[in-house]
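Observations on chain architecture
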Amino acid sequence: MTAGIAHEIKNPLNFVNNFAGISVELLDELKEAAAPAVASLGEDIRAEIDEIVEMLSGNLVKIAQHGSRADGIVKSMLAHSRGSSGDRQQVDINALVDEALNLAYHGARAQDQNFNITLERELDADATPIELVPQDVTRVFLNLFGNGFYAADKRRRDIDEPSFRPKLKVTTRDLGEAVEIRVHDNGIGIAPEFRDKLFQPFFTTKPTGEGTGLGLSISWDIVTQEHGGTIEVDSQVGAFTEFKIRLPRSRHAILAGRVA
């Protein structure tokens, strides 16, 4: 049902986004073509025309911005509806974490060349391979790393503290029948009243246009429903946020846990 609704929304949304872009171009052409005639008008009329054109341009920019955000939400809804994207494999959890961390960091740098953060790794050398769907668990890590980057960088931008350095630390630990992954950032933190809502679809603490509110919801489904694990969060406003994930080592452990 989610996929069907998303596809139905996507078609008219494409028209909105496309025609907003075309209208900006047409408005520029209209301004250029009408410039000689407008120049011959009185100053008051010219000012009124300029104001109307400026308002139209601003409205089209806003339509394009919100259309782009809506498109991102639709894409996330489609991703949410697809479920598992691959087969279970025996995976080196440390290698998977490290690869996702590098990918998230370089992705953040590609979007903002000024972005920088200290990355710390504390990976359990004794951790043995775990059975999971690597593509999906990588999505979870990318979501958590991206949120951590955002929170730490926002704290840097919001506070007047030259000595502050954004930092994100990832820890893995072998627990025998499960593995534990912790993602800790020194960012803005999460208010207590928001923590129970974090994993609900479309809930986000980010400003409008900066988040779809589906990343943590998708992560919750992947960890708890698909892999039979747990995901918890601890945070202090203005100090840190830490997500703790536990993944059972094998399908047998998952089934045993569900039966219990």
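Read on for a plain summary of the structure. (Residues numbered from 1 in each chain as written. Predicted model: local features only at pLDDT ≥ 70, side-chain atom pairs only at ≥ 80, totals over all residues. Heavy atoms only, no water.)

1. Re the sheet that holds strand β7 (residues 240–248)
This is how it is decided: Being paired, for any two strands, means DSSP has found at least two bridges between them. Secondary structure is summarised from DSSP: a helix means a run of H or I of at least four residues, a strand means a run of E of at least two, and numbering begins at the N terminus for each. To define axes, lines are fitted to C-alpha atoms, for helices over the stretch in contact only, and angles between the resulting N-to-C directions are given on a 0 to 180 degree scale. Whether two residues are in contact is decided by their heavy atoms: any pair within 4.5 Å suffices.
Spatial strand order, β2-β4-β5-β7-β6: five strands in an open sheet with mixed pairing. Both outer strands of the open sheet, β2 (118–122) and β6 (230–236), are each paired with one neighbouring strand and no more. On average, each strand axis in the sheet is tilted by 10° relative to the strand beside it, whichever way the strands run. In the packing of helix α6 (residues 215–226) onto the sheet, contacts are made with β6 and β7, and the angle to β6 comes to roughly 135°.

2. Brief notes about the layout of surface pockets
Put simply, the rule is: With a 1 Å grid spanning the protein atoms alone, the term cavity applies to any set of points in which a 1.4 Å probe fits but cannot get out, the term pocket to an open set with protein on both sides within 12 Å along at least five of seven lines, and the term lining residue to any residue with an atom within 4 Å of a point. Grid points are joined across faces, edges and corners, and a volume is the space filled by probe spheres set on the points. Gly is placed with the polar residues, together with every amino acid not listed as nonpolar (Ala, Val, Leu, Ile, Met, Phe, Trp, Tyr, Cys and Pro) or charged (Asp, Glu, Lys and Arg).
Space inside the second largest pocket adds up to approximately 180 Å³. For the second largest pocket, the full set of lining residues is L27, L30, K31, A34, A35, V38, I49, D50 and V53. Of all the secondary structure elements, the ones that give two or more residues to the lining of the second largest pocket are α1 (2–39) and α2 (43–82). Ranked by residues supplied to the lining of the second largest pocket, first place goes to α1 with six residues. Grouping the constituent residues of the lining of the second largest pocket by class yields seven nonpolar, no polar and two charged.

3. A short note on the packing of aromatic side chains
This is how it is decided: Under the pairing criterion, centres of Phe, Tyr and Trp rings, with the six-membered ring standing for Trp, must be within 6.5 Å; the plane angle then separates stacked pairs below 30 degrees from edge-to-face pairs above 60, leaving the rest tilted. Each residue is assigned to one of three classes by its accessible area relative to the maximum for its type, calculated with a 1.4 Å probe on protein chains only: buried under 20%, partly exposed between the two thresholds, exposed over 50%.
What the rule picks out here adds up to six aromatic pairs. Here F15 and F19 contribute two aromatic rings whose centre-to-centre distance is 6.2 Å and whose plane-to-plane angle is 15°, an arrangement assigned as stacked. Of this pair, F15 and F19 both sit in helix α1, four residues apart, which is roughly one turn of that helix. Both rings, one in Y105 and one in F115, keep their centres 6.3 Å apart while their planes meet at 50°; by these two values the pair is tilted. Here Y105, found in helix α3 (residues 93–111), pairs with F115, found in the loop between α3 and β2; they are 10 residues apart in sequence, far enough to count as distant. When its relative accessible area of 6% is taken as the criterion, F115 is described as buried. Ring-pair connections join several aromatic residues into one group, and the members of that group are Y105, F115 and F149.

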